[in-house]
Amino acid sequence: MRSITIICCFYWIFNLLWACDRGIPSTQSIEKDHSLLITDEVKDRLGITHAQFLSAASKRALEWPNRSNEWYIEFSGLQPLKGDLAYEEGVVRRDPSALLYENGKYYVWYSKSIGPTQGFDGDVVNEKVFPWDRCDIWYATSPDGWTWKEEGVAVPRGAAGRFDDRSVFTPEILKFDNKFYLCYQTVQSPYELRVKNQVGMAWSESPNGPWNKVEKPILSPADNGIWAGTKQNRFNVIKKGDFDSHKVHDPCILPYKNQFYLYYKGEQMGEEITFGGRQIRHGVAIADDILGPYIKSPYNPISNSGHEICVWPYKGGIASLITTDGPERNTIQWADDGINFEIMSSIKTPPHAIGLNRSADQEKEPTEILRWGLSHRYQNKDYQCIMRFSSYRRYNE
Ligand code: AAL
């Protein structure tokens, strides 16, 4: 009998070591790492049957804080706009800014260009390489956010030789201290595959303009990548450089903690396809004065995923809708310091290029600002139009 007990003991120890060796956690290591998290209530909520056998997925689930569904929303299909912003063949209207409510109406700014896209194979000096090439920034107003009147050009391309002479596009608007600030992407001609993209700014006393351009770009790509060879190939590099060594895109400035946080998308020279798709990340640059200089945060990049910037203040922190690219795409994240973002919810197919309704009651609930706003849709490869999105909270039903 005694020898049977000793054999059983050895067998148990052997099994324990075998399990550890194969990454199957022992009861002891589970207790050490997760026991405090596994109450009966948590077990029941997560549907964990054997607390002594936790899969990697169950461990991750245990490590999430006990979040409610307050950040979980679904988006409805995009709705067409009426009036001048209804789809128009032959015209590109895309990348709407946030909406401001001024003078009893909504205002939006957007990229506008005319005619089809030829791409990069032909004459990049005289043709149009992207739908957002050869754009100016236009604006429109609406009493209800559905029917829009196009008011005209807000910010045109710059004179030949300026950093913004080829295209000004993807604008974002900020009202601060009764002045209006537009920031936007810029490209200098010729628009080649390796051309660097920068961020420009213009300000005005009124949403109707006139707009005063800031002389120099307020943000530029990092200058520490090295192209390989001279052929216009953006993937061929000797050194990639920082996450934003090629393009700084989708700028959006938020006043935050008595400074100005310029959130942006970086594109890197030698961009790769990763296990999460395109290697796209966000960064932030911070200034004491709204006109700059903007200093890039040493914590950049501050996301590992995303595309167009969609950020809003909430409860003393900054929330960010991360779409399109990377392993954490289609999530809403929040950072109590505007820099260290955590995933708050996972979202089904959010719209792209969102223009937020800044007149919403942003503090009412985390996603109140996403109840409705503007986005864009590709009608075909040449032409895009601005459309309206809406979203709703999902509760237990
Ligand atoms: C977008 C944005 C930027 C890109 C292009 C136009 O939606 O990320 O603006 O340059 O596509």
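Residues numbered from 1 in each chain as written. Predicted model: local features only at pLDDT ≥ 70, side-chain atom pairs only at ≥ 80, totals over all residues. Heavy atoms only, no water.

**Concerning the sheet that holds strand β23 (residues 331-335)**
To keep it simple, the criterion reads: Strand pairing follows a simple DSSP-based rule, namely that at least 2 bridges must link the two strands. Only runs of H or I of at least four residues qualify as helices and only runs of E of at least two qualify as strands under DSSP, and these elements are numbered from the N terminus. Axes, fitted as lines to C-alpha atoms, cover a helix only where it is in contact. Angles between the N-to-C directions of the axes lie from 0 to 180 degrees.
Pairing in this open sheet of four strands is antiparallel, and the strands run β21-β22-β23-β24 from one edge to the other. Each of the sheet's edge strands pairs with one partner strand only, and the pair in question is β21 (311-314) and β24 (342-346). Adjacent strand axes in the sheet meet at a mean angle of 30 degrees when their direction is disregarded. Bridge count for β21 against strand β22 (residues 317-322) is four bridges, and the pairing is antiparallel. Note on β22: the bridge partner recorded for W312 is A319.

**Examining the domain arrangement of the protein chain**
What counts is decided by this rule: Throughout the structure description, domain borders are defined by an automatic or database domain assignment.
When its domains are assigned, the protein chain resolves into domain 1 (2-63) and domain 2 (69-393). Placing the centre of domain 1 and that of domain 2 at their C-alpha centroids yields a distance of 48 Å.

**Let's talk about the state of the cysteines**
In plain terms, the rule: The criterion for a disulfide is a pair of cysteine sulfur atoms lying within 2.5 Å. Burial classification: accessible surface area is computed with a 1.4 Å probe over protein chains only, and a residue below 20% of its type maximum counts as buried, one above 50% as exposed, and the rest as partly exposed.
Scanning the entire structure with this criterion turns up zero disulfides. Distance from the sulfur of C135, which forms no disulfide, to the nearest cysteine sulfur (C385) is 14 Å. Judged by relative accessible area, C135 falls into the buried class, the value being 0%. Left unpaired, C252 is separated from the closest cysteine sulfur, that of C183, by 6.6 Å. For C252, a relative accessible area of 1% corresponds to the buried category.

**Overview of the site of the ligand**
Our working rule: Consider each residue's heavy atoms; a residue with any of them within 4 Å of a molecule or strand counts as near. Under this definition, polar contacts are N or O atom pairs within 3.5 Å; protein pairs additionally need one hydrogen-donor-capable and one acceptor-capable atom, and for neighbouring residues in sequence, both atoms have to be side-chain atoms. Cavity: a set of points on a 1 Å grid over the protein atoms alone where a 1.4 Å probe fits but cannot get out. Pocket: an open set with protein on both sides within 12 Å along at least five of seven lines, its lining residues, like those of a cavity, having an atom within 4 Å of a point. For this analysis, a molecule is said to be in a pocket or cavity if more than half of its atoms are within 2 Å of the grid points defining it. All residues other than Ala, Val, Leu, Ile, Met, Phe, Trp, Tyr, Cys, Pro, Asp, Glu, Lys and Arg, Gly among them, are scored as polar; the first ten of these are nonpolar and the last four charged.
Close to the ligand lie R94, D95, W132, F169, T170, Q185, H249, D250, K265, H307 and E308. Measuring from an oxygen atom of the ligand, one finds a side-chain N or O atom of Q185 at 3.1 Å. Contact distances for the ligand include 2.7 Å between an oxygen atom and a side-chain N or O atom of D250. Taking a 2 Å distance to the grid points as the criterion, the majority of the atoms of the ligand fall inside the second largest pocket. Of all elements in the fold, only β9 (167-176) and β15 (247-256) reach the threshold of two or more residues within the shell around the ligand. Split by residue class, the shell around the ligand holds two nonpolar, four polar and five charged.

**A short note on empty space enclosed by the protein**
The cut-off we apply is this: Grid points are joined across faces, edges and corners, and a volume is the space filled by probe spheres set on the points.
In total, this model carries three cavities of 30 Å³ or more according to the counting rule given. Looking at the largest cavity, its volume works out to about 100 Å³. Together, D95, P96, T170, P171, E172, D250, P251, C252, E308, I309, A353 and I354 line the largest cavity. Split by residue class, the lining of the largest cavity holds seven nonpolar, one polar and four charged. One number sums up the size of the second largest cavity: a volume of about 60 Å³. Taken together, Y263, H282, I302, S303, I309, V311, S320, I322, Q333 and F341 make up the lining of the second largest cavity. Partitioning the lining of the second largest cavity into residue classes produces six nonpolar, four polar and no charged.

**Structural notes on the sheet that holds strand β11 (residues 198-204)**
Pairing is antiparallel across the open sheet formed by four strands, whose spatial order is β9-β10-β11-β12. Strands with a single pairing partner mark the edges of an open sheet, and in this sheet they are β9 and β12 (212-213). Examined bridge by bridge, β9 and strand β10 (residues 179-187) share eight bridges and lie antiparallel to one another. Across the sheet, residue F176 finds its bridge partner in β10, namely K179.

**Focus on the confidence of the model for the protein chain**
Inclusion rule: Per residue, pLDDT measures the predictor's confidence, with a range of 0 to 100. We call two residues in contact when some of their heavy atoms are within 4.5 Å.
In the predicted model, the protein chain carries a mean pLDDT of 92, and the fraction of residues at 70 or more is 91%. When the criterion is pLDDT under 50, residues 1-32 qualifies, and its contacts beyond four places in sequence or with other chains add up to 16 contacts.

**Digging into the environment of L85**
One can find L85 in the loop between β3 (82-83) and β4 (91-94). For L85, a relative accessible area of 1% gives the class buried. Residues L85 and C385, 300 residues apart in the sequence, show an inter-C-alpha distance of 7.3 Å.

**Remarks on the packing of aromatic side chains**
The test is simple: Here a pair means two rings of Phe, Tyr or Trp (six-membered ring of Trp) with centres within 6.5 Å. Their orientation is stacked below 30 degrees between planes, edge-to-face above 60, and tilted elsewhere. Two conditions define a charge sitting above a ring: the NZ of Lys or the CZ of Arg must be within 6 Å of the ring centre, and it must be within 35 degrees of the ring normal.
Applying the stated criterion to the full structure yields 16 aromatic pairs. Measuring from centroid to centroid gives 5.8 Å for Y107 and W109, while their planes differ by 20 degrees, and the two rings are stacked. Exposure class is identical for Y107 and W109. Each is buried. Note on Y261 and Y263: the rings are 6.2 Å apart at their centroids and 40 degrees apart in plane angle, and the pair reads as tilted. These aromatic residues form a ring-pair network of at least three members: Y107, W109, Y139 and W211. One residue, R388, lies across the ring of W372, its end atom 3.9 Å from the ring centre.

**What to know about the pattern of salt bridges**
Stated precisely, the cut-off is as follows: Any Lys or Arg side-chain nitrogen located within 4 Å of an Asp or Glu carboxyl oxygen qualifies as a salt bridge.
Inspection of every chain in the model, using the stated rule, returns 26 salt bridges. E74 is the partner of K348 in a salt bridge, and the nearest nitrogen-oxygen pair spans 3.5 Å. Residue K348 is located in the loop between β24 and β25 (355-356), and its partner E74 is located in strand β1 (residues 73-75); the two are separated by 274 residues in the primary sequence. Note that K149 and E151 form a salt bridge whose closest N and O atoms lie 3.1 Å from each other. For K149, a relative accessible area of 47% corresponds to the partly exposed category. Using a relative accessible area of 27% as the deciding quantity, one classes E151 as partly exposed. Within this structure, R234, K247, D250, K265, E267, E271 and R278 form a network of salt bridges that share partners.

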